[in-house]
Amino acid sequence: MLMPKRVKHRKMQRGRVKGKASAGTTLAFGDYGLRALESAWITARQIEAMRVTTVHYLKRAGKIWIRIFPDKPVSKKPAETRMGKGKGEPDHWVAPVRKGRILLELEGVPVDDAREALRRASSKLPIKTRFIEREGVL
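Now for a description of the structure that goes with this document. (Residues numbered from 1 in each chain as written. Predicted model: local features only at pLDDT ≥ 70, side-chain atom pairs only at ≥ 80, totals over all residues. Heavy atoms only, no water.)

Things to note about the overall build of the chain
Logical step 1: When helices and strands are tallied, the chain shows two helices and seven strands.
Logical step 2: Helices (α) and strands (β) of the chain occur, in sequence order from the N terminus, as β-β-α-β-β-β-β-α-β.
Logical step 3: A principal-axis box enclosing the C-alpha atoms of the chain has dimensions of 60 × 30 × 25 Å.
Logical step 4: Within the chain, buried positions represent 34% of all 138 residues.
Logical step 5: Taking all contacts inside the chain whose residues are at least 6 apart in sequence as the whole, residues at least 24 apart take part in 81%.
Logical step 6: Surface summary for the chain: the accessible area is close to 9,300 Å², and the carbon and sulfur share equals 50%.
Logical step 7: In the chain, which carries 32 positive and 14 negative side-chain charges, the distance between the mean positions of the two groups comes to 10 Å. (Helix = DSSP H or I, 4+ residues; strand = E, 2+ residues; numbered from the N terminus. Buried < 20%, exposed > 50% of the residue type's maximum accessible area, 1.4 Å probe, protein only. Contact = heavy atoms within 4.5 Å. Areas by Shrake-Rupley, 256 points an atom, 1.4 Å probe, with all protein chains shown as cover. Lys, Arg positive; Asp, Glu negative; His and termini not counted. Charge placed at Lys NZ, Arg CZ, Asp CG, Glu CD.)

Examining the sheet that holds strand E4 (residues 72-76)
Logical step 1: With respect to topology, three strands assemble into an open sheet ordered E2-E5-E4, the strand pairing being antiparallel. The sheet terminates laterally at strand E2 (40-43) and E4, the two strands that pair on one side only. Across this sheet, the average inter-strand angle for adjacent strands is 50°, counted without regard to direction.
Logical step 2: As paired elements, E4 and strand E5 (residues 89-97) share five bridges and run antiparallel to each other. Counted as the bridge partner of Val74 is His92 from E5.
Logical step 3: Of the strands in this sheet, E2 and E5 touch helix H1 (residues 44-58), which is tilted by about 65° from E2. (Pairing = 2+ DSSP bridges. Axes fitted to C-alpha atoms, helices over the stretch in contact; angles between N-to-C directions.)

Structural notes on the sheet that holds strand E7 (residues 129-133)
Backbone hydrogen bonds hold the strands of a sheet together, and the pairing may be parallel or antiparallel.
Logical step 1: One open sheet holds the four strands; their spatial order is E3-E6-E1-E7, and the pairing between them is antiparallel. On the outer flanks of this sheet lie strand E3 (63-66) and E7, each paired with one strand and no other. Shown here is a sheet whose adjacent strand axes are inclined to one another by a mean of 20°, direction ignored.
Logical step 2: Contacting strand E1 (32-36), strand E6 (102-107) and E7, helix H2 (residues 111-122) crosses the sheet at an angle of about 160° to E7.

Some points on the packing of aromatic side chains
Logical step 1: Taken as a whole and assessed by the stated rule, the structure comprises two aromatic pairs.
Logical step 2: Look at Phe29 and Trp65: their rings are 5.6 Å apart centre to centre, the planes differ by 15°, and that puts the pair in the stacked class. In this pair, Phe29 is assigned in the segment before E1 and Trp65 in strand E3, connecting sequence segments 36 residues apart.
Logical step 3: On the basis of an interplanar angle of 20° and a centroid distance of 5.9 Å, the ring pair of Tyr32 and Phe131 is categorised as stacked. (Phe/Tyr/Trp six-rings, centres within 6.5 Å; stacked < 30°, edge-to-face > 60°.)

Next up, the structure:
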């Protein structure tokens, strides 16, 4: 599971994921990619499920880049606990993703395989996504 090795602060405020992404909006490594069409928190488990599905479908052919990393802790209070007594303990990690961000990139596979692999990967995510490809790719 993806998570930071160490963090400056153990607990973080929620904040909001609004507006469009300013960084990570173009293909930087591969020929094909998966772009987020909505803003949301993507959990480390969802990122891992997306990775496993893609690797499994492509039978380890080509190269994959995951362009998001879960570096935000989400705290949760135990079940059946009374309110108060401070903020809960960190429960899981999320990556705040804004609209337009590239989530995953692929290279070294045919376009049909890349399209299907990324379609399967997108089914593991809680947001709408779009398949994109680099200009001039055959």
